[in-house]
Structure formats: structure tokens, C-alpha cells
Amino acid sequence: LAKKMKIDYERDVQIITPLADVPVFFLATTTNFQPATFADFLVHAREHPRKVRYGSAGIGSYQQINTEILAKRAGLDLVHIPFKGGGAEIIRDLANGDIQVSWFNITNPVGMMKAGRVRALAVAAPQRLAAYPDVPTIAEVGFPGLRAAQWVAAFAPSGVPRVIVDTLHKAFVKASQAPDMQDKFHKGGMVAPQ
């Protein structure tokens, strides 16, 4: 049997370079849930305290932390539903209407959005995404400073010499700035350094 590998990220790895931010949507189900805009959601949640359920990957996940920050700032009383199985279970229950809202990086819910099972009420990004021009930013809907992006980076084991890390950093930066890579980041909804 393979042993589980335990990593202490502060001790065992070092960052080579950040590669891209992956903005996240604040999504709502369309199953038996009427709010079509973020403003509608706020009205509905305020009028129905403890009736709106949000899903997360558990205590401390970006979904839980950001929803609690949003709830505190907006004066909402939401019910937290943690999922052990993470994203697949959350998006399934969101589409089915078992939970009403959650945060998701933009790659996961695309099929459910196209099928009309979930809708994006806002995106946590510095500006609207070109692929989703009708989805307002979280700042536009009244919550500036709420940052819920995930990110992608390159790492190396902590024992890799600095000269190699610097060489890899330069190579990753050069590759990530190539037009075809910028295009792939853009198509994937990622915000990459220019």
C-alpha cells in the first residue's frame, strides 16, 4: 500500500512563480430559486433568514470563508452545508436545488450554466470577464475588496538550488507571456500576468 505523503508547504516546497488567477463565480441554482441577479439574491436572502443554503468544501474552504464574509457584510443569515466530496457534489446539489448558492472557479460550472441549471450572479475578478460580459464583478454589485480567486503557480521542492529556481522562473514567465499561452489562459477564464 502506498503511504500518504504529508507535505509541510512552508518547509518542503518553494514557489517558482505565480502563473494565473482563476476567478470564481458566485452561483445560484435555477431550480425552485427565483433570484436572477445579485440584488435579487440579497433581497430574497434578507426576506428569508436561515432558508438559503450555501455549499462549500468545508470549514476554512474559500467557499465557506467568502460566503461568511459576504453574509456578514450584507447582513444575511445563511445556512452552511459542507460537502466532504468537494466540487462535484456541490455543483450537483446546486444544480438540483438542494443548496441555493456557492462559489466556483469558472471551469467547473460551465456545462451547468449552459444548460440553465445554475446562473452566475457575480464574479470575483478585477473586471468583467470577456467570455462572460453580462456577469457583474463582485465590486459592481456592492462588495469591493471581496476576493475569492483561486490561483495556479509552479513549485519546486525546497532543496532545489536558487540558481535552478531562478532559471525555471524565467522560463515559466517567458512561456506564460507567449501569445498562445495568454490565449489559452484567456479561453480558460484565467487572469494571467502580462
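This report concerns the structure included in the present document. (Residues numbered from 1 in each chain as written. Predicted model: local features only at pLDDT ≥ 70, side-chain atom pairs only at ≥ 80, totals over all residues. Heavy atoms only, no water.)

**Side note on the packing of aromatic side chains**
Piece 1. Under the criterion given, the structure shown has 6 aromatic pairs.
Piece 2. Measuring from ring centre to ring centre gives 5.1 Å for Phe25 and Tyr132, while their planes differ by 85°; the resulting arrangement is edge-to-face. Placement of Phe25 in strand 2 (residues 24–29) and of Tyr132 in the loop between strand 6 (118–124) and strand 7 (150–157) is noted, with a sequence separation of 107 residues between them.
Piece 3. Residue class for Phe25 comes out buried when judged on its relative accessible area of 0%.
Piece 4. Connected via pairs of aromatic rings, a cluster forms that spans Phe26, Phe38, Phe41, Trp103 and Phe143. (Phe/Tyr/Trp six-rings, centres within 6.5 Å; stacked < 30°, edge-to-face > 60°. Helix = DSSP H or I, 4+ residues; strand = E, 2+ residues; numbered from the N terminus. Buried < 20%, exposed > 50% of the residue type's maximum accessible area, 1.4 Å probe, protein only.)

**Here we look at the nonpolar core**
Nonpolar side chains in soluble globular proteins tend to end up buried together.
Piece 1. The biggest cluster of nonpolar side chains holds 23 residues, and the ones touching the most others in it are Phe26, Phe38 and Phe41.
Piece 2. If you list the elements that add at least two residues to this core, you get strand 2, helix 2 (38–47), helix 3 (62–74), strand 5 (101–105) and strand 6.
Piece 3. For this core, the element with the highest residue contribution is helix 2, accounting for 4 residues.
Piece 4. Contacts of Phe41, omitting those with residues within four sequence positions, involve Phe26, Phe33, Pro35, Val52, Leu70, Leu76, Leu78, Val101 and Leu121.
Piece 5. Membership of the second largest hydrophobic core comes to 17 residues, among which are Phe25, Ala95, Ile99 and Val135. (Core = buried A, V, L, I, M, F, W, Y, C linked by side-chain atoms within 4.5 Å. Contact = heavy atoms within 4.5 Å.)

**Side note on the pairing of strand 3 (residues 53–56)**
Successive side chains on a regular strand alternate, one facing one side of the sheet and the next facing the other.
Piece 1. When strand 3 meets strand 4 (residues 79–82), the two strands line up parallel, connected through 4 bridges. Of the residues in strand 4, the one forming a bridge with Gly55 is Ile81.
Piece 2. Traced from strand 3 through helix 3 to strand 4, the parallel crossover comes out right-handed. (Pairing = 2+ DSSP bridges. Right-handed = clockwise from strand over helix to strand, strands pointing away.)

**Examining the side chain of Ser56**
Piece 1. The residue Ser56 is located in strand 3 in this model.
Piece 2. Discounting chain neighbours no more than four positions away, the residues touching Ser56 are Ser61, Gln63, Gln64, His80, Ile81, Pro82, Phe83 and Ile90.

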